Amino acid sequence: MLKGIYRTLSGKAVTERRMEMVANNIANSLTPGYKASRPMFRVVDDTIPSQSAGEPGKQGNSYTLDSYINFNEAALVESGNRLDVGIEGDGFFVVLLNGKNMYTRNGQFTLNHEKKLVTMDGNPVLGEAGEITIDGGDVKIETDGTIYVDKKYTDKIRIVTFEDKTKLKNYGRSLFVNIDEKPVETTPEKFSLKQGFYEASNVDVIKEMIEMMSTLRAYESYTKVDQFFSDMMSKLINLGRM
């Protein structure tokens, strides 16, 4: 019975985490550049130690939940803003946050008071020469990221990718941090930038709603089983007192 209780509690905890993930995806369905997180379940064999010396332990199962980020491209939305940039194909923009490189697919950009190209949160967007300064009225961004201001070359937007994207973890709504100790930035083989566009969220709201209903049903089932074990334990305790 203890094994059953353990499985139920671990399953219930996993389901709660799964619901949090789905709710976060739905909440960010309109966040530009957001990438949905998907659940990844594992069944872990755990040996419950024996209470008596010399007897083998009992084998049980518990459930754990990991996640991965779905980096599939989303649709590009035309904004008409000359500073917005959408990526077609592989790659990430590089932005600076607290002196550390962060990565994003969110190409909604603006200028700060120093005429630096920044994200909507004020983080500098990096080019090949570092932070990008745009001082002029006519801004042209080529498909390879080259920026011309008033027909003069200014800089080139850095677009990078990684061989192992599993090392990229969410940092905020549409930023990613590479947790690899020595991340190696490379230039994507195939990408194209579109000025005046930005990438939408890749969350499929209908799919997430179906996932939410399925998760709710699973949680209700675990709750009923949990209540069954609680009632049984109470009865056993009462019998022991008689």
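Structure's up top.
Residues numbered from 1 in each chain as written. Predicted model: local features only at pLDDT ≥ 70, side-chain atom pairs only at ≥ 80, totals over all residues. Heavy atoms only, no water.

This next bit is on the overall build of the protein chain. When its secondary structure is counted, the protein chain shows two helices and 18 strands. For the protein chain, the proportion of its 242 residues judged to be buried stands at 37%. Residue pairs in contact within the protein chain that sit at least 24 positions apart in sequence constitute 66% of those at least 6 positions apart. With an accessible surface of roughly 14,200 Å², the protein chain has 52% of that area assigned to carbon and sulfur atoms. (Helix = DSSP H or I, 4+ residues; strand = E, 2+ residues; numbered from the N terminus. Buried < 20%, exposed > 50% of the residue type's maximum accessible area, 1.4 Å probe, protein only. Contact = heavy atoms within 4.5 Å. Areas by Shrake-Rupley, 256 points an atom, 1.4 Å probe, with all protein chains shown as cover.)

Non-glycine residue N98 carries a positive phi angle of around 55 degrees. By the element assignment, N98 lies in the loop between β5 (92–97) and β6 (100–104). A positive phi angle, close to 70 degrees, is found at K151, a residue other than glycine. Mapped onto the elements, K151 comes out in the loop between β12 (146–149) and β13 (152–156).

Right, let's talk about the sheet that holds β13 for a bit. Spatially, three strands are ordered β11-β12-β13 in an open sheet, and the strand pairing comes out antiparallel. Unpaired on one side and paired on the other, β11 (139–141) and β13 mark the two borders of the sheet. Sheet twist, expressed as the average angle between the axes of neighbouring strands with direction ignored, equals 25 degrees. (Pairing = 2+ DSSP bridges. Axes fitted to C-alpha atoms, helices over the stretch in contact; angles between N-to-C directions.)

Walk down a regular strand and you will see the side chains alternate between the two sheet faces. Burial of strand β16 (residues 175–178) is two-sided: the residues L175 and V177 facing one way and the residues F176 and N178 facing the other way are all buried. With two bridges joining them, β6 and β16 adopt antiparallel strand pairing. Counterpart to Y103 in the pairing with β16 is F176. Looking at chain direction, strand β15 (residues 168–170) and β16 are connected through three bridges and run antiparallel. Paired with L168 across the strands is N178, a residue of β16.

Counting across every chain of the model gives six aromatic pairs. Pairing F71 with F92 gives two aromatic rings, centres 5.7 Å apart and planes at 90 degrees, and the pair type is edge-to-face. Here F71 is found in the loop between β2 (58–69) and β3 (76–78), whereas its partner F92 is found in strand β5, with 21 residues between them in sequence. Note on F93 and F109: the rings are 5.0 Å apart at their centroids and 80 degrees apart in plane angle, and the pair reads as edge-to-face. Taken as a pair, F93 in strand β5 and F109 in strand β7 (residues 109–111) lie far apart in primary sequence, 16 residues in all. You'll find F93 and F109 in the same group, each marked buried. Clustering of aromatic rings is evident, with ring pairs tying together F71, F92 and F176. We note K194 situated over the ring of F197; from NZ or CZ to the ring centre the distance is 4.1 Å. (Phe/Tyr/Trp six-rings, centres within 6.5 Å; stacked < 30°, edge-to-face > 60°. Lys NZ or Arg CZ within 6 Å of the ring centre and 35° of its normal.)

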